[in-house]
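# Working through the structure, step by step
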Amino acid sequence: MTRFLRLLAASAALSLFAAASFAQDKVVYHIDDYETQATKGLRNIRNHLDVAPETRVIVVTHANGVDFLMDGAKDKKNPNIDYASLVSALKARGVRFEVCEITLRNRNLKKDQFSMDAEFTPSGVARIGQLQSRERFAYIKP
């Protein structure tokens with residue numbers, strides 16, 4: 001009987017662990033135009049994590065959205081906003097920033113033009129679809 005109770009307790013603990021791991025919020029932020037989305041999106045992500053710090057956040061960029069992750073990028077409307085420091089602060093909080101490699105090829109960009117905080121994905125659009133359908137990420141487009 002004791003063995004049965006131990007197995008039952010272990011099973012219950014495993015179920016609670018599994019439920020807790022599924023309970024984590026997961027969000028993909030989609031940025032395809034840095035001029036209209038980057039500053040607002042980074043602010044949204046910061047506010048999101050301030051309220052729900054356990055949220056797993058991935059930012060997927062493509063087209064002109066990749067520009068704010070390039071070395072030296074600043075907000076065109078407010079040049080006092082330096083994207084590198086904002087991105088680094090969010091990266092330190094666990095946010096992942098991904099750049100579309102199709103965009104790199106289409107725009108003749110090189111990986112070394114981007115912040116060290118940027119990672120790369122073969123296709124930004126395909127990545128967003130995978131995160132939503134396979135990994136159950138919520139979708140936000142700032």
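See the structure printed just above.
Figured I'd write up the structure that's included with this text. (Residues numbered from 1 in each chain as written. Predicted model: local features only at pLDDT ≥ 70, side-chain atom pairs only at ≥ 80, totals over all residues. Heavy atoms only, no water.)

Before going further, it helps to examine the sheet that holds strand β2 (residues 56-64). Pairing is parallel in the open sheet, where five strands are placed in the order β4-β3-β2-β1-β5. Either end of the sheet is taken by a strand with one partner, and the two such strands are β4 (118-121) and β5 (138-140). Sheet twist, expressed as the average angle between the axes of neighbouring strands with direction ignored, equals 30°. In terms of strand pairing, β2 meets strand β3 (residues 96-100) through four bridges, oriented parallel. Of the residues in β3, the one forming a bridge with Val59 is Phe97. Across the sheet, helix α5 (residues 124-133) lies against β1 (26-33), β2, β3, β4 and β5, angled at about 155° from β2, the strand it touches most. (Pairing = 2+ DSSP bridges. Helix = DSSP H or I, 4+ residues; strand = E, 2+ residues; numbered from the N terminus. Axes fitted to C-alpha atoms, helices over the stretch in contact; angles between N-to-C directions. Contact = heavy atoms within 4.5 Å.)

Tracing the backbone shows Ala126 in helix α5. Residues Ala126 and Cys100, 26 residues apart in the sequence, show an inter-C-alpha distance of 9.4 Å.

Bringing the nonpolar core into the picture now. Judged by nonpolar contacts, the single largest core of 25 residues is most densely connected at Ile45, Val59, Phe68, Leu69, Val95, Phe97 and Phe114. Listed by contribution, the elements that provide at least two residues to this core are β1, α2 (34-51), β2, α3 (83-92) and β3. Among the elements that take part in this core, α2 stands out by supplying five residues, more than any other. Residues within four places of Ile45 in sequence aside, it is in contact with Tyr29, Val57, Val59, Leu90 and Val95. Formed by six residues, the second largest nonpolar core is a distinct cluster that contains Val28, Ile58, Ile128 and Phe137. (Core = buried A, V, L, I, M, F, W, Y, C linked by side-chain atoms within 4.5 Å. Buried < 20%, exposed > 50% of the residue type's maximum accessible area, 1.4 Å probe, protein only.)

Per the stated rule, a full pass over the model turns up one cavity of 30 Å³ or more. Of the pockets and cavities examined, the largest cavity occupies roughly 30 Å³. If you go around the largest cavity, the residues you meet are Phe68, Leu69, Met70, Tyr83, Ala84, Val87 and Ser115. Split by residue class, the lining of the largest cavity holds six nonpolar, one polar and no charged. (1 Å grid on protein atoms, 1.4 Å probe; cavity = no way out; pocket = protein on both sides within 12 Å on 5 of 7 lines; lining within 4 Å. Points joined across faces, edges and corners; volume = space filled by probe spheres on them. Nonpolar A, V, L, I, M, F, W, Y, C, P; charged D, E, K, R; others polar.)

Okay, the pairing of β4 next. Pairing analysis gives four bridges linking β3 to β4, with the strands arranged parallel. From the neighbouring strand, Val99 faces β4, where its bridge partner is Phe120. With helix α4 (residues 101-107) bridging β3 and the parallel β4, this β-α-β connection has right-handed handedness. (Right-handed = clockwise from strand over helix to strand, strands pointing away.)

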